[in-house]
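Summary of structural features
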Amino acid sequence: NHATQRAEGVDWMRLLDPDELATRFPWMDVGGVALGCLGEHSEGWFDPWALLTALRSKARSLGVTFHAGEVTGFDLERTAPGAIRAVRVADAEGGSSLVGAREVVNAAGAFAGQLVGLCGAGVAPLPVAARKRCVFSFDVGSRGGARE
């Protein structure tokens, strides 16, 4: 990868040995790592946890309330078919509550279709479902990933 990038004129890529990686990224477990390739500029960095934390913080400042638990159902408005009036939430202790809602955001990702299904037969289904994916793992043997 490094050689290919260099051959294509990318001169800001740097190879780092495990000690250099550990110094630069102290949270990284470099056990079994032979080398790392790093772009020293013109590269991006994305921290999804920091983004989520910032979004939640801003939402709270705007009056949004977050509830921890599992959605078990919805109370729908009779005068406006499909409009949600409240959300039923089960908490970790086995209790449940009804949370009034003027607006509801379905952010369940691959499970969004299941949430819509809790609205009942009067609401059109959402054709979104989780799919099984494959995860590949490589064992490079006893040489720690270095190739001769």
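See above for the structure.
Residues numbered from 1 in each chain as written. Predicted model: local features only at pLDDT ≥ 70, side-chain atom pairs only at ≥ 80, totals over all residues. Heavy atoms only, no water.

On a plain count of helices and strands, the protein comes out with 4 helices and 5 strands. Ordered by position in the sequence, the α and β elements of the protein form the string α-β-α-β-α-β-β-β-α. Within the span of the protein, comprising 148 residues, buried residues form 16% of the whole. Here the analysis covers contacts within the protein between residues at least 6 apart in sequence; of these, 23% occur between residues at least 24 apart. Split by element, the accessible area of the protein, about 12000 Å² in all, is 56% carbon and sulfur. (Helix = DSSP H or I, 4+ residues; strand = E, 2+ residues; numbered from the N terminus. Buried < 20%, exposed > 50% of the residue type's maximum accessible area, 1.4 Å probe, protein only. Contact = heavy atoms within 4.5 Å. Areas by Shrake-Rupley, 256 points an atom, 1.4 Å probe, with all protein chains shown as cover.)

Tallied over the full model, the rule gives 4 salt bridges. Note that Arg88 and Asp75 form a salt bridge whose closest N and O atoms lie 3.0 Å from each other. Taken together, the residues Arg88 in strand β4 (residues 84-90) and Asp75 in strand β3 (residues 70-76) connect sequence positions 13 residues apart. Residues joined by salt bridges that share partners form a network here, namely Arg14, Glu20, Arg24 and Glu40. (Salt bridge = Lys/Arg side-chain N within 4 Å of Asp/Glu carboxyl O.)

Right, let's get into the environment of Trp45. Its location among the elements puts Trp45 in the loop between β2 (36-39) and α3 (48-61). Judged by its relative accessible area of 67%, Trp45 falls in the exposed class. The contacts of Trp45, once residues within four sequence positions are left out, are Phe25 and Trp27.

What follows is about the nonpolar core. If you look at the biggest cluster of nonpolar residues, it comprises 6 residues: Phe74, Val87, Val89, Val99, Leu115 and Cys119. When residues no more than four places from it in sequence are discounted, the contact partners of Val87 are Val71, Gly73, Phe74, Ser97, Leu98, Val99 and Val104. (Core = buried A, V, L, I, M, F, W, Y, C linked by side-chain atoms within 4.5 Å.)

Here we come to a nonpolar patch on the surface. Where nonpolar side chains cluster on the molecular surface, the patch consists of Trp27, Met28 and Trp45 and spans about 440 Å² of accessible area. Tracing the chain through its elements places Trp27 in the loop between α2 (18-24) and β2. (Patch = residues over 30% accessible without salt bridge, like charges linked within 9 Å, V, L, I, M, F, W, Y side chains within 5 Å.)

The next subject is the packing of aromatic side chains. Evaluation of the coordinates by the stated rule reveals 1 aromatic pair. Between Phe25 and Trp27, the aromatic rings sit 5.5 Å apart at their centres with planes inclined by 80°, giving edge-to-face as the arrangement. Residue classification places Phe25 among the buried residues on the basis of a relative accessible area of 11%. Accessibility expressed as a relative area gives 62% for Trp27, which makes it exposed. (Phe/Tyr/Trp six-rings, centres within 6.5 Å; stacked < 30°, edge-to-face > 60°.)

Here α3 contains 14 residues, and its C-alpha end-to-end distance of 20 Å stays within 8% of the 20 Å for a straight helix at 1.5 Å per residue. Backbone nitrogen of Trp49 and a side-chain oxygen of the N-cap are separated by 3.2 Å at the start of α3; the cap is Asp47. Immediately beyond the C-terminal end of α3, within one or two residues, lies Gly63, with a positive phi of roughly 100°. (Expected span 1.5 Å × (residues − 1). Polar contact = N/O pair within 3.5 Å; in protein donor to acceptor, adjacent residues only side chain to side chain.)

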